[in-house]
Amino acid sequence: MYPNITNELGLAACRLLLDQRETLEPSTDCIMEAIQITLEENIAQFGDIVVKQCDGTAMGPHHACSYADAAADLAIDQKVMDPLTNPLNHCIDDWSRFRDDILCVWTGSETELLNFNEWLNNLHPRLKFTMEYSKNSVVFLDLRLSIAGPMIITEMYSKSSDTHAYLMPTSCHPSHICRNIPKGVMKRVKRNCTDQDACLRGYEEYRNHLQKRGYNEGLVQKAIDEANATSREQLLGLVEKEDNYPSAPCKQFPLVIKFNPRLPPMSKFINRHLTVLELTNQTKSLFNKSSLFVSYRMEKNILNMITSNKFKSDTPVVAPSTQGTTPDWSSSLTTPHGVVNPVLKH
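A few points on the structure. Residues take numbers from 1 onward in each chain, read along the sequence in its written order. Two thresholds apply to this predicted model, a pLDDT of at least 70 for residue-level local features and 80 or more for giving and counting side-chain atom pairs, whereas whole-chain, interface and lining totals are computed over all residues. The side-chain numbers reported here are obtained from all heavy atoms of the structure, hydrogens and water having been left aside.

1. What to know about the overall build of the protein chain
Under the convention used in this document: Note on conventions: DSSP H or I runs of at least 4 residues are helices, E runs of at least 2 residues are strands, and numbering of each starts at the N terminus. Exposed residues in this analysis have more than 50% of their type's maximum accessible area, buried residues have under 20%, and partly exposed residues fall in between, with area computed by a 1.4 Å probe over protein chains only. Contact criterion: two residues are considered in contact whenever any of their non-hydrogen atoms come within 4.5 Å of each other. Where accessible areas are quoted, they stem from the Shrake-Rupley method and a 1.4 Å probe; at the residue level, only the protein chains shown are allowed to cover.
Check the secondary structure of the protein chain and you find 11 helices and 13 strands. Each of the 346 residues in the protein chain was classed as buried or not, and the buried ones make up 29%. Counted over contacts in the protein chain with a minimum sequence separation of 6, partners at least 24 positions apart contribute 57%. In the structure as shown, the protein chain presents an accessible area of about 23400 Å², 55% of it carried by carbon and sulfur atoms.

Following this line, the structure appears as structure tokens:
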């Protein structure tokens, strides 16, 4: 979906939403200029060919998901839910979209559904949808939804191409990350499964996936026990959590260091020497036992060591102007194959 969203559609959708803000700061024009830069200055290299994306958005930028959501809402969702534009709106009991995956609960006939799919694919020349439908069971994201009497029940689903390549516990990461992965997996199983039997099947399936990645049986079983001890209502966010934080939280100061498995437990190290911060009134007023925490920065891996950024601008980056003048963003690019200017387009 991302490359198929025209710049005209995406920019119009973003401006419409930005103008609805209560506080228009920064200005809509300033944000729109930044979005336009990310769309029109996206450059990539394939072998000896340098290309520049002229339409659509790439999938990697931070704004891409929100940008695509805004465009799809304007081009698809609003028209689907409007009875003036959708002649079959009365047949839709529920319309739920996540990015380019849509779950629709249909109350009309099969013929009406096929007609609706044809109408849907004519809403925009570049946004096309395929449809899978059933009277008994459908798949949406990581769920299989099935009809059981008056209810819709859910269970875990994964594609056959999913390798379940969880981070291996031998990887060079802080130990708590690998300890928490089985917890997250098993709680997701509990959350996604309506039926207890489906939940038990999910536990066994994902136990095997985790053990194949080298996770200890005891750690996986502990994660299952913890998931079982947590109510599904709590995992679904239907139960309000207790507020364990003080009413006036203190300032937080991260101690950012590069992770190395040979380091001692840094949190314990800090707590053991906190008394040093109480030696002066200034540090004592700034820090307390809960204000310091350890934050790890990733160390360079082999990929970082053997590769580098191929593009180096010959001119410094110019900040976008908000005074009505447009800065000159064009510059030649230095690559291992020489200077490329102008950039090829596709």
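Once you've had a look at it, read on.
2. Things to note about the pattern of salt bridges
Under the convention used in this document: By convention in these notes, a salt bridge is any Lys or Arg side-chain nitrogen within 4 Å of a carboxyl oxygen on Asp or Glu.
Enumeration over the complete set of coordinates arrives at 13 salt bridges. Residue Glu299 pairs with Lys258 through a salt bridge whose shortest N-O separation is 3.8 Å. Residue Glu299 is found in the loop between β9 (292–297) and α11 (302–306), and its partner Lys258 is found in strand β8 (residues 253–258); the two are separated by 41 residues along the sequence. Glu299 sits in the partly exposed class, given a relative accessible area of 36%.

3. Focus: the nonpolar core
Going by this rule: To define a nonpolar core, start from buried Ala, Val, Leu, Ile, Met, Phe, Trp, Tyr and Cys residues and group those joined through side-chain atoms within 4.5 Å.
One finds Ile5, Ile76, Val80, Phe116 and Leu120 to be the most contacted residues of the largest nonpolar core, which totals 30 residues. Of all elements in the fold, only α1 (7–18), α2 (28–40), α3 (64–80), β3 (92–98) and α4 (110–120) reach the threshold of two or more residues within this core. At 8 residues, the largest contribution of residues to this core is made by α3. Counting residues in each nonpolar core, the second largest holds 18 residues, with Cys178, Ile181, Met186 and Ala198 among its members.

4. Remarks on the layout of surface pockets
Put simply, the rule is: Of the two site types, the cavity is a set of points on a 1 Å grid over the protein atoms alone where a 1.4 Å probe fits but cannot get out, and the pocket is an open set with protein on both sides within 12 Å along at least five of seven lines, each lined by residues with an atom within 4 Å of a point. Grid points are joined across faces, edges and corners, and a volume is the space filled by probe spheres set on the points. Classification convention: Asp, Glu, Lys, Arg as charged; Ala, Val, Leu, Ile, Met, Phe, Trp, Tyr, Cys, Pro as nonpolar; all other residues, Gly among them, as polar.
Reported here for the largest pocket is a volume of approximately 1500 Å³. Around the largest pocket sit 47 residues that line it, and Ile102, Leu103, Glu132, Val138 and Val139 are the ones nearest its centre. Among the secondary structure elements, those contributing two or more residues to the lining of the largest pocket are β4 (101–106), α4, β5 (137–140), β6 (143–148) and β7 (151–156). Of all the elements, β4 adds the most residues to the lining of the largest pocket, at 6 residues. Looking at side-chain class alone, the lining of the largest pocket contains 25 nonpolar, 11 polar and 11 charged residues.

5. What about the packing of aromatic side chains?
The line we're drawing: Each Phe, Tyr or Trp ring (for Trp, its six-membered ring) is paired with any other whose centre lies within 6.5 Å, and the angle between the two planes then decides the class: stacked below 30 degrees, edge-to-face above 60, tilted in between.
In this structure the tally under the stated criterion is 5 aromatic pairs. Judged by centre distance (6.0 Å) and plane angle (85 degrees), the ring pair of Trp95 and Phe116 falls under edge-to-face. With a gap of 21 residues between them, Trp95 in strand β3 and Phe116 in helix α4 connect regions that are remote in the sequence. Accessibility classification places Trp95 together with Phe116 in one group, the buried group. When the ring of Phe259 is compared with that of Tyr296, the centres are 5.2 Å apart and the planes differ by 85 degrees; the resulting orientation is edge-to-face.

6. Section: the side chain of Ser146
This is how it is decided: We call two N or O atoms a polar contact when they sit within 3.5 Å, provided that within protein one can donate a hydrogen and the other can accept it, with sequence-adjacent residues counted only if both atoms are side-chain atoms.
Structurally, the position occupied by Ser146 is in strand β6. At 3.3 Å, the side chain of Ser146 forms a polar contact with the side chain of Ser137. Among residues more than four places away in sequence, those in contact with Ser146 are Asn136, Ser137, Met151, Ile152 and Ile153.

7. Overview of α2
Rules: One less than the residue count of a helix, multiplied by 1.5 Å, gives the span that helix is expected to have. It is the directions from the helix axis to the C-beta atoms whose arc is reported.
For α2, spanning 13 residues, the distance from its first C-alpha to its last is 18 Å, which sits close to the expected 18 Å at 1.5 Å a residue. Residues of α2 that are buried include every one of Thr28, Met32, Glu33, Ile35 and Leu39, and no others. An end-on view of α2 places all buried positions within 165 degrees of arc, on one side of the element.

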